[in-house]
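# Structure at a glance
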Amino acid sequence: MIRTAILSALAEEQQGLLELLQQPEKISHAGRDFWQGRLHGQAVVLALSRIGKVAAATTATALIERFEVSRIVFTGVAGGMGEGVQVGDVVVATEFVQHDLDASPLFPQYEVPLYGQSRFACDAALTALLLEASRVGLKSLALPAASLLHHGLIASGDRFVSGAQESQALRSALQVGGHEVLAVEMEGAAVAQVCFDYGLPFAAVRTISDRADDQAHVDFPLFVKEVASRYAQVITQHLLKSL
Ligand code: SAH
């Protein structure tokens, strides 16, 4: 059976999906709750990655080993980093890089040791469907302000980036390494690497909850509470219908 895993980082992001889950069955494993059921005609497992790269890698591995999912889709929020990536915009990932991985001078900064690469790519076919689902989903939300849809590199690391200076420094350092990032979050690169190891298709969409600046700690909780769940709900709906 083809089963799609839908991962969220926070309970608020998952809430809208849980509400729509049919024949829900909760299975606790590895200190986490996994929800099996059907969503828009597809067999799915909903899970919380939890926060940070290690937690997300554990959840992804459990989804693959224990629940035998065929693909993983991440929906969540992120801080905007690229120019013109504003709160309310949506970023569909092409690739992920770990902004806090640095084994230099043994390996180039950002390179994952023994993999010979610093970026992990999302699955092209699944990502194309997610991009289309995000486009249609955004339109259907009929938001008051125009939200843009971006497509590109996302950086992950074990840090909530919440200062304009910090964000600028991070962005510049990544640029020096040849990585032009659109957004920053805390889990995607870990899930991408696990999926690479297992040869499993992975795609990710992140709604911009804050600009990773001095306002981030104020913008982030507001956004998560009021809109993140709705975005995840409509984008997932259009994606599952297109699979
Ligand atoms: N205070 C929160 C913890 C949030 S950590 C709580 O109560 O649970 C921030 C989460 O949102 C992470 O899952 C991360 O992936 C994403 N995120 C949003 N904005 C971010 C930013 N500016 N920097 C890093 N991660 C961000």
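Residues numbered from 1 in each chain as written. Predicted model: local features only at pLDDT ≥ 70, side-chain atom pairs only at ≥ 80, totals over all residues. Heavy atoms only, no water.

We now examine the overall build of the protein. When helices and strands are tallied, the protein shows six helices and ten strands. Compactness check: the protein gives a C-alpha radius of gyration of 17 Å against a globular reference of 18 Å for 243 residues, within 12% of the reference. Burial statistics for the protein: of 243 residues in total, 53% are counted as buried. When the accessible surface of the protein is summed, it comes to about 10,400 Å², and 54% of that surface belongs to carbon and sulfur atoms. Here the protein contributes 18 positive and 26 negative side-chain charges, whose respective centroids are spaced 7 Å apart. (Helix = DSSP H or I, 4+ residues; strand = E, 2+ residues; numbered from the N terminus. Rg over C-alpha atoms; globule rule 2.2 N^0.38 Å. Buried < 20%, exposed > 50% of the residue type's maximum accessible area, 1.4 Å probe, protein only. Areas by Shrake-Rupley, 256 points an atom, 1.4 Å probe, with all protein chains shown as cover. Lys, Arg positive; Asp, Glu negative; His and termini not counted. Charge placed at Lys NZ, Arg CZ, Asp CG, Glu CD.)

Scanning all chains against the criterion turns up seven aromatic pairs. Judged by centre distance (5.5 Å) and plane angle (80°), the rings of Tyr115 and Phe120 are edge-to-face. Between Phe160 and Phe220, the ring centres sit 5.3 Å apart and the planes meet at 65°, which makes this aromatic pair edge-to-face. Residue Phe160 is located in the loop between strand E8 (149-156) and helix H4 (164-176), and its partner Phe220 is located in helix H6 (residues 216-242); the two are separated by 60 residues in the primary sequence. (Phe/Tyr/Trp six-rings, centres within 6.5 Å; stacked < 30°, edge-to-face > 60°.)

On inspection of all chains with the given rule, the structure shows nine salt bridges. Here Asp100 makes a salt bridge to Lys53, at a shortest N to O gap of 2.6 Å. You can see Asp100 sitting in the loop between strand E6 (90-98) and strand E7 (119-121) and its partner Lys53 sitting in helix H2 (residues 53-65), a full 47 residues away along the chain. Classification of Lys53 as buried rests on a relative accessible area of 12%. Linking Glu132 and Arg135 is a salt bridge whose minimum nitrogen-to-oxygen distance equals 2.8 Å. (Salt bridge = Lys/Arg side-chain N within 4 Å of Asp/Glu carboxyl O.)

Moving on, we come to the site of the ligand. Surrounding the ligand, one finds 18 residues, the nearest of these being Val161, Met186, Glu187, Arg206 and Asp210. At a separation of 3.3 Å, a nitrogen atom of the ligand approaches a polar backbone atom of Gly79. Within the side chain of Glu187, a nitrogen or oxygen atom sits 2.7 Å from an oxygen atom of the ligand. For the ligand, whose free accessible area comes to 570 Å², the fraction covered by protein is 76%. Mapped by element, the contributors of at least two residues to the shell around the ligand are strand E5 (71-80), strand E9 (181-185) and strand E10 (202-210). Considering only residue class, the shell around the ligand consists of eleven nonpolar, two polar and five charged. (Near = heavy atom within 4 Å. Polar contact = N/O pair within 3.5 Å; in protein donor to acceptor, adjacent residues only side chain to side chain. Nonpolar A, V, L, I, M, F, W, Y, C, P; charged D, E, K, R; others polar.)

What follows covers the side chain of Asp210. Summarising the element assignment, Asp210 is placed in strand E10. Within the buried set, Asp210 has no salt-bridge partner at all; the shortest N-O distance to an opposite charge, 7.8 Å, is to Arg211. A polar side-chain atom of Asp210 sits 2.8 Å from a polar atom in the side chain of Ser209. Among the polar contacts listed, one links the side chain of Asp210 to the backbone nitrogen of Ala212, at a separation of 2.8 Å. In this view, Asp210 contacts Ala78, Gly79, Gly80, Val87, Phe160, Val161, Ala216, Asp219 and Phe220; residues no more than four positions away in its chain are not counted. (Contact = heavy atoms within 4.5 Å.)

Let us now look at the state of the cysteines. For the structure shown, the criterion picks out zero disulfides. Sulfur of Cys122: no disulfide; nearest cysteine sulfur belongs to Cys195 and is 9.0 Å away. (Disulfide = S-S within 2.5 Å.)

Ranked by internal contacts, the top residues of the largest apolar core, which has 57 residues, are Leu63, Val69, Ile72, Phe96, Leu130, Val191 and Phe202. Of the residues forming this core, the biggest block, seven residues, is contributed by H6. In this structure Leu130 touches Val73, Val92, Ala203, Ala204, Val205, Ile235 and Leu239, once residues within four positions along its chain are discounted. Of all hydrophobic cores here, the second largest spans eleven residues; its members include Val161, Leu170, Leu174 and Val184. (Core = buried A, V, L, I, M, F, W, Y, C linked by side-chain atoms within 4.5 Å.)

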